[in-house]
Amino acid sequence: MAKKNRVAIVGVGYSDVSRGSGLTLDKLTAQSSVAAMNDAGIKPTDIDGVVVHSFPHQFVSSTHTAAMLGIPDVAFYSGNVDGAAYSVAAMHAIAAIASGSAETVLTLRTVHKAGAAGGAAMLGPQRGIPGNMQFGMPYGSFTGSHWAGMYMQRHMAMYGSTEEDFGAFAIAQRKFAVANPTESFFHEELTMDDYLNSRYIAKPLHLLDCDYPVDSSSALIFTTEERARDMKQKPVFFDSWANGTTAEADFSLVRDMTHSSPWMASKRMWSRTDLKPSDVDTAGLYDGFSFIAMQWLEALGFCGEGESGAFVRSGATSATGSLPTNTDGGACNVGRRHGANFFIEVTRQLRGTAGDRALPNKPEVGVVSNAVGGFAACALLTAE
Amino acid sequence: MTTEVLPPLPLPNELTAAFWDGANQGKLVIQRCNACGHFQHAPEPICANCLSFDLGYAAVSGKGSVYTFCIPTQAFHPWFEDKLPFVLAVVELDEQPGLKMITNIVETNPDNVKVGDRVEVTFSPLGEGFTLPVFRPAAQ
């Protein structure tokens, strides 16, 4: 399929990442932005677009970010609080560049640890729960862990999957984390007993199914193919990308929990490329909860419907498997970067800057994904 | 000094008040389009099926089945500290395919609940003048 107006990733960067850094959202944002500009070998004056995704209760402004970084004038900006986390920023930047609205766009996801509380964190001090949250919270539905446990239960009921299947994913992903000591917060391999003995948050969801809340900012810089060719790093290209949503906005009330928005996004993404699942050499699949990455394995067609547990148990997602997945260790181990880490890690693998973690299969095509439930997005990245 | 722990209380608005009023009267009522008969939950200002703004509330049978559930074992609000573990569930109502609500399954051992179980509505006082429609295993 002929591609016009190709968009490339030319720079990636992280802020300091920790549990309770005391750093403000703005400072974290500035740190990751500078890291990404240094990686790309460009200056603020080379950037003409800024796109930020943040939580409504942890809002980071795109125009303020531009001003803070000394970017004199932006041709495109958007500050989002809606949808599939970092991928929203990525999708806006791709659209801006492909349409000619901007040439070089800084994309950001900044999150403080407390964002983990999700809906509960959005509750103000007022008495009474506003809007449609009043149909969930009085029943005890407060955080992502609650819908996550219900998505897992539905999968188990429909396909006979087990807690051990989800555990297999946590174990496989931890192996990558152990090989990434500078970014991972966890340095010991997991056993199935470790997983099964980790406490339940919302049975069948275990603590070790959950991503690790941290203070972090992640930044990637996108530009046109023409500009990318002249920059410091080997560019990585977006081959195809897509959002997907369900007809129901509430994650707990989607029509089909085992076929939520990743299925819509995946179908749309594959319809826009000549590449096939068998062409993909590595994957970065969102793991806000381990079942999410497993729904992506099924939605993207890497395994059969309901068969993600068997696929992971076969070793397919390991470093030497057919689809090394979450090779940085995933957000369960490197901390919640809300999707951006997958774009960053797959970029590093495709352009050959993953250092000791460079995959033996020398990947040329990677897939990245973000979110589940009501909204999701995915993209295919290529080394050329 | 002890601090009273308030339940997480709804803040009724023009769209939601009928649901809570119904529950206080021992009825499960769900928003329904007066033009096409489509049920929707949670309520919205427009019918997603026919785009009518003429929406009301209608009583439903209160019968349904467990679409999925989980058993929270950590309280994310102080009200639930002494209520763990409990069953947080999504129940699909018989009135319309895909018509679902978040609820609790009560009057049963949490470990006995299964996806697909038939359930029926019952009402549980929440406090401060509110009542929660919840579900229990259906009578045979």
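Since this is a predicted model, take the numbers as computed values, not measurements.

1. Description of the overall build of chain B
Line of reasoning, step 1. When you go through chain B residue by residue, the secondary structure sums to one helix and eight strands.
Line of reasoning, step 2. Listing each helix as α and each strand as β along chain B from the N terminus yields α-β-β-β-β-β-β-β-β.
Line of reasoning, step 3. Here chain B has a C-alpha radius of gyration of 16 Å; the compact-globule value for 140 residues is 14 Å, and the two agree.
Line of reasoning, step 4. Seen through its C-alpha atoms, chain B measures out along the principal axes to roughly 50 × 40 × 25 Å.

2. Overview of helix α3 (residues 86–98) of chain A
Line of reasoning, step 1. With 13 residues, α3 of chain A ought to run about 18 Å at 1.5 Å a step, and its terminal C-alpha atoms sit 18 Å apart, in line with that.
Line of reasoning, step 2. Burial analysis of α3 of chain A places ten of its 13 residues in the buried class, which makes it a mostly covered element.

3. Digging into the side chain of Arg 174 of chain A
Residues and elements named next belong to chain A.
Line of reasoning, step 1. Tracing the sequence through the fold places Arg 174 in helix α6 (residues 163–178).
Line of reasoning, step 2. Despite its burial, Arg 174 remains without a salt bridge, the nearest opposite charge being carried by Asp 194 at 6.7 Å.
Line of reasoning, step 3. Here Arg 174 is in contact with Phe 186, Glu 188, Glu 189, Leu 190, Leu 208 and Asn 333, once residues within four sequence places are set aside.

4. Some remarks on the packing of helix α9 (residues 261–270) of chain A against helix α10 (residues 290–299) of chain A
The description of two helices packed together rests on the angle between their axes and the distance between the axes.
All names here are of chain A.
Line of reasoning, step 1. Between α9 and α10, whose axes approach to 9 Å, the crossing angle comes to 40 degrees. On the basis of their axis angle, the class for α9 and α10 is oblique. Handedness of the α9/α10 crossing: right-handed. Taking contact as the criterion, the partners of Pro 262, Trp 263, Ala 265 and Ser 266 in α9 are, on α10, Gln 295, Trp 296, Glu 298 and Ala 299.
Line of reasoning, step 2. For the contact of α9 with α10, a count of residues per class yields five nonpolar, two polar and one charged.

5. Things to note about the interface of chain B and chain A
Line of reasoning, step 1. Contact with chain B, which involves 43 residues of that partner, is made by 35 residues of chain A.
Line of reasoning, step 2. Interface of chain B and chain A: buried area, both sides summed, is about 3300 Å²; carbon and sulfur atoms make up 63% of it.
Line of reasoning, step 3. Per-residue buried area on chain B facing chain A is highest for Tyr 67, Phe 76 and Ile 102 of chain B; these three make up 21% of the total on that side.
Line of reasoning, step 4. Scanning the region where chain B abuts chain A turns up one salt bridge.

6. Description of unusual backbone geometry
Line of reasoning, step 1. Backbone torsion omega between Lys 203 of chain A and Pro 204 of chain A reads 15 degrees, so that peptide bond is classified as cis.
Line of reasoning, step 2. Locating Pro 204 of chain A in the fold gives a position in the loop between β5 (200–203) and β6 (205–206).
Line of reasoning, step 3. Residue Ala 42 of chain B is bonded to the preceding His 41 of chain B through a cis peptide linkage, with omega at 5 degrees.
Line of reasoning, step 4. Of note, Ala 42 of chain B is situated in the loop between β2 (39–40) and β3 (55–59).
Line of reasoning, step 5. Of note in this structure, Lys 362 of chain A is not a glycine but carries a positive phi near 40 degrees.
Line of reasoning, step 6. By the element assignment, Lys 362 of chain A lies in the loop between α13 (340–351) and β10 (365–372).

7. Quick notes on the packing of aromatic side chains
All names here are of chain A.
Line of reasoning, step 1. Enumeration according to the criterion identifies 18 aromatic pairs over all chains in this entry.
Line of reasoning, step 2. Note on Trp 147 and Phe 289: the rings are 5.6 Å apart at their centroids and 85 degrees apart in plane angle, and the pair reads as edge-to-face. With Trp 147 in helix α5 (residues 144–159) and Phe 289 in the loop between β9 (282–284) and α10, the pair connects residues that are 142 residues apart, well separated along the chain.
Line of reasoning, step 3. What links up through ring pairs into an aromatic cluster is the set Trp 147, Tyr 151, Phe 251, Phe 289, Phe 291 and Phe 375.

8. Let's talk about the pattern of salt bridges
All names here are of chain A.
Line of reasoning, step 1. Applying the stated criterion across every chain yields a total of 20 salt bridges over all chains.
Line of reasoning, step 2. The salt bridge involving Lys 175 is made with Glu 189; its shortest N-O contact spans 3.0 Å. A residue pair is termed long-range when its members are at least 10 positions apart, and Lys 175 in helix α6 and Glu 189 in the loop between α6 and α7 (192–197) qualify at 14 residues.
Line of reasoning, step 3. Between Arg 229 and Glu 384 there is a salt bridge whose closest N-O contact spans 2.7 Å. Taken together, the residues Arg 229 in the loop between α8 (225–228) and β8 (236–245) and Glu 384 in the segment after β11 (375–382) connect sequence positions 155 residues apart.
Line of reasoning, step 4. A relative accessible area of 41% means that Arg 229 is categorised as partly exposed.
Line of reasoning, step 5. Each of Arg 6, Glu 225, Arg 229 and Glu 384 takes part in a single network of salt bridges with overlapping partners.

9. A word on the sheet that holds strand β1 (residues 29–33) of chain B
Residue and element names in this part refer to chain B.
Line of reasoning, step 1. With antiparallel pairing, the three strands of this open sheet are ordered in space as β2-β1-β3. Two strands in the sheet have a free side with no partner beyond their single neighbour: β2 and β3.
Line of reasoning, step 2. Sheet topology places β1 next to β2; two bridges connect them, and they run antiparallel. Looking at β2, one finds that Arg 32 is bridged to Phe 39.
Line of reasoning, step 3. Against the sheet, helix α1 (residues 17–24) engages β1 and β3, with an angle of about 140 degrees to β1.

10. Overview of the sheet that holds strand β2 (residues 49–53) of chain A
Residue and element names in this part refer to chain A.
Line of reasoning, step 1. One open sheet holds the nine strands; their spatial order is β3-β2-β4-β7-β1-β8-β11-β10-β9, and the pairing between them is mixed. Of all strands in the sheet, those bounded by a partner on one side alone are β3 (76–80) and β9. Across the sheet, the mean angle separating the axes of adjacent strands is 25 degrees when strand polarity is ignored.
Line of reasoning, step 2. Bridge analysis of β2 against strand β4 (residues 104–111) gives five bridges, and the strand direction is parallel. Residue pairing for β4: Val 50 is matched across the bridge by Leu 106.
Line of reasoning, step 3. Contacting β1 (7–14), β4 and β7 (216–224), helix α1 (residues 25–40) crosses the sheet at an angle of about 125 degrees to β1.

11. Some details on the UniProt feature "domain: Thiolase C-terminal" (unreviewed entry) in chain A
Line of reasoning, step 1. The feature "domain: Thiolase C-terminal" (unreviewed entry), as given by UniProt, occupies residues 250–376 of chain A in the numbering adopted here.
Line of reasoning, step 2. End-to-end, the C-alpha atoms of residues 250–376 of chain A are 13 Å apart, and along that stretch the chain is 33% helix and 10% strand.

So, how was this worked out
Residues numbered from 1 in each chain as written. Chains lettered and ligands numbered in written order. Predicted model: local features only at pLDDT ≥ 70, side-chain atom pairs only at ≥ 80, totals over all residues. Heavy atoms only, no water. Helix = DSSP H or I, 4+ residues; strand = E, 2+ residues; numbered from the N terminus. Rg over C-alpha atoms; globule rule 2.2 N^0.38 Å. Expected span 1.5 Å × (residues − 1). Buried < 20%, exposed > 50% of the residue type's maximum accessible area, 1.4 Å probe, protein only. Lys, Arg positive; Asp, Glu negative; His and termini not counted. Salt bridge = Lys/Arg side-chain N within 4 Å of Asp/Glu carboxyl O. Contact = heavy atoms within 4.5 Å. Axes fitted to C-alpha atoms, helices over the stretch in contact; angles between N-to-C directions. Parallel < 35°, antiparallel > 145°, perpendicular 65-115°, else oblique. Left-handed = near helix turned anticlockwise from the far one by under 90°. Nonpolar A, V, L, I, M, F, W, Y, C, P; charged D, E, K, R; others polar. Buried area = accessible area lost by both parts, 1.4 Å probe. Phe/Tyr/Trp six-rings, centres within 6.5 Å; stacked < 30°, edge-to-face > 60°. Pairing = 2+ DSSP bridges. UniProt positions renumbered as here; feature names shortened; annotations may be inferred.

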